[in-house]
Amino acid sequence: MPETPNYKDFCREVYLQTYESTYPIELRDGVSAAAQQAARLSAQRKAIDRALVEGLLHFSPEVSEREIWEAIGITHKINVANLSDFNIAEQDQEPVINKSISAHQSWIKSSGHSFERYISNIDSADLQHNEVRFILQSDLTKMIKENRLANTAEDIAGLRSWGKRF
């Protein structure tokens, strides 16, 4: 009796086979960087689509859609990153990708918070004259909890609806 394939391996194989067979067809005779990029993107879309459909057909409902999607996602990220070019062994590529994504997400969050702090510290005569003040979400939350806003009840209700739940 043949062994049932692991859904992660299955999705990986379907994705890679589809990508590798589709890329040359999509490329046709294109040699420019733009043609190569367009062919890569088209082959990636087709690989994702086929791996998702086949993964669902073969493994649902035993394996959730989320798990199948994540298996395709890591395969796609490894394919795009092409870490073999950096002499990173195949078995080490998934942890490298996951660390890179985590680092990128950390940067997005940290840089966003830094930008918000920068904006909240802008102080100019024009802003003061018009009674405009930038406030961080965390400071606003604290001010609302401590009833330190002079706004109307309607204004405060609106402010509550924009941000985190108080």
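What you see is a predicted model, and the numbers here were worked out from it, not measured in a lab.

1. Thoughts on the overall build of the protein chain
Within the protein chain, the secondary structure is distributed over 7 helices and 0 strands. Put simply, the protein chain runs from its N terminus to its C terminus through helices and strands in the order α-α-α-α-α-α-α. The C-alpha atoms of the protein chain give 25 Å as radius of gyration, which overshoots the globular expectation for 166 residues (15 Å, by more than 25%). Projecting the C-alpha coordinates of the protein chain onto the three principal axes gives extents of approximately 75 × 45 × 30 Å. Across the 166 residues of the protein chain, 25% fall into the buried class.

2. A look at the confidence of the model for the protein chain
Mean pLDDT over the protein chain works out to 87, with 95% of the residues at or above the 70 mark. Mean pLDDT per element in the protein chain: helix α7 (residues 153-162) is the minimum at 78, and helix α1 (residues 7-27) is the maximum at 95.

3. Quick word on the packing of helix α2 (residues 33-59) against helix α3 (residues 65-81)
The geometry of a pair of packed helices is captured by two quantities: the angle between their axes and the separation between those axes. Interhelical geometry of α2 versus α3 gives an angle of 150° and a closest axis separation of 10 Å. Taken together, the axes of α2 and α3 lie roughly antiparallel to each other. Like other packed secondary-structure pairs, α2 and α3 cross with a definite hand, here right-handed. Side by side, α2 and α3 meet where Gln44, Ile48, Ala51, Leu52, Gly55, Leu56 and Phe59 of the first sit next to Glu65, Ile68, Trp69, Ile72, His76, Asn79 and Val80 of the second. The class makeup of the residues in the contact of α2 with α3 is 9 nonpolar, 4 polar and 1 charged.

4. Here's the deal with the nonpolar core
For soluble globular proteins, nonpolar side chains are generally found buried alongside one another. Core analysis: the largest hydrophobic core is formed by 18 residues, its most contacted members being Tyr7, Tyr15, Tyr19, Tyr23, Phe59, Ile68 and Ile72. Ranked by residues supplied to this core, first place goes to α1 with 9 residues.

5. A closer look at the pattern of salt bridges
Taken as a whole and assessed by the stated rule, the structure comprises 6 salt bridges. A salt bridge links Glu54 to Arg50; the shortest N-O distance between them is 2.7 Å. With Glu54 and Arg50 both in helix α2 and 4 residues apart, this pair spans about one turn of that helix. Glu146 is the salt-bridge partner of Arg148, the closest N and O atoms lying 2.9 Å from each other. A network of salt bridges, in which partner residues are shared, links Arg12, Glu13 and Glu90.

6. Focus: a nonpolar patch on the surface
A surface patch of nonpolar side chains, amounting to about 500 Å² of accessible area, comprises Phe115, Tyr118, Ile122, Val132 and Phe134. Inspection of the secondary structure puts Val132 in the loop between α5 (125-129) and α6 (137-145).

7. Concerning unusual backbone geometry
Cis geometry is adopted by the peptide bond preceding Pro61, which originates at Ser60 and carries an omega value of 10°. With respect to the element layout, Pro61 can be found in the loop between α2 and α3. We note that Asn82 has phi near 50°; this positive angle belongs to a residue other than glycine. With respect to the secondary-structure elements, Asn82 resides in the loop between α3 and α4 (90-120). Judged by its relative accessible area of 38%, Asn82 falls in the partly exposed class. Unusually for a residue other than glycine, Asn87 sits at a positive phi of about 60°.

Conventions used here
Residues numbered from 1 in each chain as written. Predicted model: local features only at pLDDT ≥ 70, side-chain atom pairs only at ≥ 80, totals over all residues. Heavy atoms only, no water. Helix = DSSP H or I, 4+ residues; strand = E, 2+ residues; numbered from the N terminus. Rg over C-alpha atoms; globule rule 2.2 N^0.38 Å. Buried < 20%, exposed > 50% of the residue type's maximum accessible area, 1.4 Å probe, protein only. pLDDT = per-residue confidence, 0-100. Axes fitted to C-alpha atoms, helices over the stretch in contact; angles between N-to-C directions. Parallel < 35°, antiparallel > 145°, perpendicular 65-115°, else oblique. Left-handed = near helix turned anticlockwise from the far one by under 90°. Contact = heavy atoms within 4.5 Å. Nonpolar A, V, L, I, M, F, W, Y, C, P; charged D, E, K, R; others polar. Core = buried A, V, L, I, M, F, W, Y, C linked by side-chain atoms within 4.5 Å. Salt bridge = Lys/Arg side-chain N within 4 Å of Asp/Glu carboxyl O. Patch = residues over 30% accessible without salt bridge, like charges linked within 9 Å, V, L, I, M, F, W, Y side chains within 5 Å. Areas by Shrake-Rupley, 256 points an atom, 1.4 Å probe, with all protein chains shown as cover.

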